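Here is how the chains run, residue by residue.
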Amino acid sequence: MTPKIITVDDDINTLKSIEELLGLKKCKVFPHLTTGDAIRNLKGIGPDLAIIDFFMPDMTGVELMEKFHATEPELPVIILTASREVKTAVEAIRAGAFHYLIKPLQPDELFSTIDKILSQLRLKEENRRLRNELSGKYRFENIIGCSGALREVFAILGYAIKTKSTILITGRSGTGKELIARAVHFNSDRREKPFIRVNCAAIPESMLEAELFGIEKNVATGVAERPGKFELAHTGSIFLDGIGEMSPTTQSKVLRVLQERELERIGSSRSLKVDIRVIAATNQNLPEAIKEKKFREDLYYRLNVFHINLPTLSERTEDIPLLAEHFLEKYCEKNGMPLKTINPEAMDYLCARVWPGNIRELENAMERAVGICDSGAITVRDFENPFSIQPAAETGMVSEPTNSRNLDGMVEDYERRLLSEALERNRWKQNHTAKELGISERSIWYKIKKLGIDIGKSSGDV
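Residues numbered from 1 in each chain as written. Predicted model: local features only at pLDDT ≥ 70, side-chain atom pairs only at ≥ 80, totals over all residues. Heavy atoms only, no water.

Quick word on the packing of helix α13 (residues 320-334) against helix α14 (residues 344-352)
Next, step 1: One can describe the packing of α13 onto α14 by two numbers: an axis separation of 10 Å at closest approach and a directional angle of 120°. Taken as axis vectors, α13 and α14 run oblique relative to one another. Between α13 and α14 the crossing geometry is right-handed. Of the residues in α14, those in contact with I320, P321, A324 and E325 of α13 are M347, L350 and C351.
Next, step 2: Residues belonging to the contact of α13 with α14 are distributed by class as follows: six nonpolar, no polar and one charged. (Axes fitted to C-alpha atoms, helices over the stretch in contact; angles between N-to-C directions. Helix = DSSP H or I, 4+ residues; strand = E, 2+ residues; numbered from the N terminus. Parallel < 35°, antiparallel > 145°, perpendicular 65-115°, else oblique. Left-handed = near helix turned anticlockwise from the far one by under 90°. Contact = heavy atoms within 4.5 Å. Nonpolar A, V, L, I, M, F, W, Y, C, P; charged D, E, K, R; others polar.)

Right, here's the structure in full:
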C-alpha cells in the first residue's frame with residue numbers, strides 16, 4: 001500500500017522539497033498552498049498522514065490540525081516550524097500533533113519520523129485485519145495484538161474451540177489467561193450456556209470443596225442445600241483459575257469429574273451427571289509441582305489435552321503500541337475525555353520498559369497516565385506515578401528505602417556497560433545488537449538515549 005500524505009505550507013519551495021524527499025520513500029504526496037483547499041480536499045484524499053506548517057496566513061497549523069481532526073480524528077499530524085521556541089513545540093504536541101520538525105528540514109529526521117508513523121499505521125492496520133479475520137472465524141475481538149507469539153496462540157485456539165476437550169492455560173500473572181478462557185467459551189457451541197469462573201487460589205482450602213461440588217441438605221444444622229460450581233456450569237464451561245493451588249484431596253475429586261463426568265455433593269452418596277467443558281489455568285510450573293508431589297500427574301494429563309502457554313509482554317513487545325492505543329481509547333472514553341495521543345518518546349518508553357506485571361501492569365499504567373495527563377498528548381512524565389506508596393518506617397512516616405538511589409545507579413551502570421559491550425561486538429549496528437540481546441530496535445534506541453551512550457563510533461549502519 002502506497003502511503004498518502006497531505007502537505008500544507010504557504011511556501012511553494014518547501015512543498016516541492018517535501019514532495020521530492022517523500023518521493024524517495026515511495027509516498028504519494030498531495031501538496032496545498034492554502035488551508036482552505038486542504039480542508040476541502042481532505043475527505044476525498046483520505047490521507048494516512050498530514051504535514052502542516054505552523055505559521056499560515058489565515059490560521060495556525062494547530063488550528064488547521066483541529067479542523068482536520070474534526071473529519072479524521074486519528075490522522076497523525078507533523079507540525080513544521082521555523083521557530084526553535086520550546087513553547088511552539090509544546091503547543092503543537094499538547095494539541096495532539098504526533099511530532100514537530102524545525103525548518104530547514106533535515107532528511108534523516110523527516111524520514112525517521114515518517115517511518116515511526118507508518119510503522120504504527122501498519123501495526124494498526126494489521127491488527128484490524130487480523131481482528132476482522134478472526135471476527136468471522138472466532139470473534140476474538142478483545143484480544144489485541146498481531147505478534148508471532150500471539151499468532152501461535154490463535155492457531156491452537158482455532159483447533160481447541162472446535163472440540164469439547166479440556167484446555168490448560170499457563171502463563172505469568174497478567175498475561176490474559178481469563179480473557180483466553182472466555183474467548184474459548186464464547187466462540188464455541190456452548191456460547192449460550194453458562195460460563196462459571198472459580199478462583200481456586202482465592203478460596204480457602206476448607207471451603208473450596210463445597211464451592212466446587214456443593215452441599216447436600218441436612219448435612220449439618222443450619223446449613224442449606226447448595227449446588228456447586230460444577231453443577232451450575234452444566235452444559236457450559238467451567239474455568240478453574242489457579243488450579244495449581246488445589247490440595248491433593250480436591251485434585252482427586254476434580255479428576256473424577258473429568259474421568260466420569262459425575263460428582264457427589266458433600267454429605268451425599270448420590271452421583272450427579274454433568275456435561276461440562278473444563279478450562280484450567282495456572283501461573284505455576286506444574287511439571288515441577290508433580291516432581292515435588294504437590295500436583296497429581298494423572299490430573300495434569302487430563303487437563304493438558306490442549307496446552308496454551310501465553311507469552312509475557314517482553315516476548316511480544318511489538319504488540320505494546322497496539323495495546324497502549326487500545327487502553328488509551330478505553331480510558332479516554334470511560335472518563336468522558338477527548339481522545340488523547342501518545343507522543344513518540346512516551347511510546348519508546350513503553351516499548352523499552354520491563355513489565356513484570358505484563359498486560360495488567362501496562363493497562364494500569366495507561367489508565368493512570370490518562371488521568372494524570374493534562375494535555376492532548378501523553379508524555380513520559382505522565383507515566384511517573386507520584387501516588388505510589390513507599391514502605392512506612394516504624395514512626396509511621398513514609399520514607400524512601402536507604403541506598404535506593406545508589407542501587408538504581410549501580411543497575412544503570414551495569415546495563416550501560418553490557419549494552420556498550422554488545423554494541424561494540426556488533427560494530428555499533430543497532431539492528432544486530434537488538435537481535436543478539438533479543439529485544440526490539442526501538443528498545444535499543446531508547447536505552448542508548450536513556451543511558452547516555454556515545455554512538456559517535458558508529459559506522460552509520462544502524
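Having put the structure on the table, let's press on.
A word on a negative patch on the surface
Next, step 1: Together, D58, E63, E66 and E91 make up a region of like negative charge exposed at the surface.
Next, step 2: Within the element layout of this structure, E66 appears in helix α3 (residues 61-71). (Patch = residues over 30% accessible without salt bridge, like charges linked within 9 Å, V, L, I, M, F, W, Y side chains within 5 Å. Areas by Shrake-Rupley, 256 points an atom, 1.4 Å probe, with all protein chains shown as cover. Salt bridge = Lys/Arg side-chain N within 4 Å of Asp/Glu carboxyl O. Lys, Arg positive; Asp, Glu negative; His and termini not counted. Charge placed at Lys NZ, Arg CZ, Asp CG, Glu CD.)

A closer look at the confidence of the model for the protein chain
Next, step 1: Taken over all residues, the pLDDT of the protein chain has a mean of 83, while the share at 70 or more is 87%.
Next, step 2: Across residues 134-139 the pLDDT falls below 50, and counting only partners more than four positions away or on other chains, this stretch makes nine contacts in the model.
Next, step 3: Residue range residues 388-406 is modelled with pLDDT below 50. Its contacts to residues more than four positions away, or to other chains, number eight contacts. (pLDDT = per-residue confidence, 0-100.)

Here's the deal with helix α10 (residues 248-260)
Next, step 1: Taking 1.5 Å of rise per residue, the 13 residues of α10 would be expected to cover 18 Å, and the 18 Å separating its terminal C-alpha atoms lies within 8% of that figure.
Next, step 2: Against α8 (205-213), α9 (229-232), β10 (237-241), β11 (262-264), β13 (277-282) and α12 (297-303) lie the buried residues of α10.
Next, step 3: Just past α10, the residue R261 takes up positive phi, approximately 55°. (Expected span 1.5 Å × (residues − 1).)

Comments concerning the sheet that holds strand β5 (residues 99-102)
Next, step 1: A sheet is described by the order of its strands in space; here five strands give the open sequence β2-β1-β3-β4-β5, paired in parallel fashion. Here the strands that pair on one side only, and so sit at the sheet edges, are β2 (28-32) and β5. Here the strands of the sheet are splayed against their neighbours by 20° on average, with no regard to which way each runs.
Next, step 2: This element, helix α2 (residues 35-45), spans β1 (4-8) and β2 of the sheet and lies at about 170° to β1. (Pairing = 2+ DSSP bridges.)

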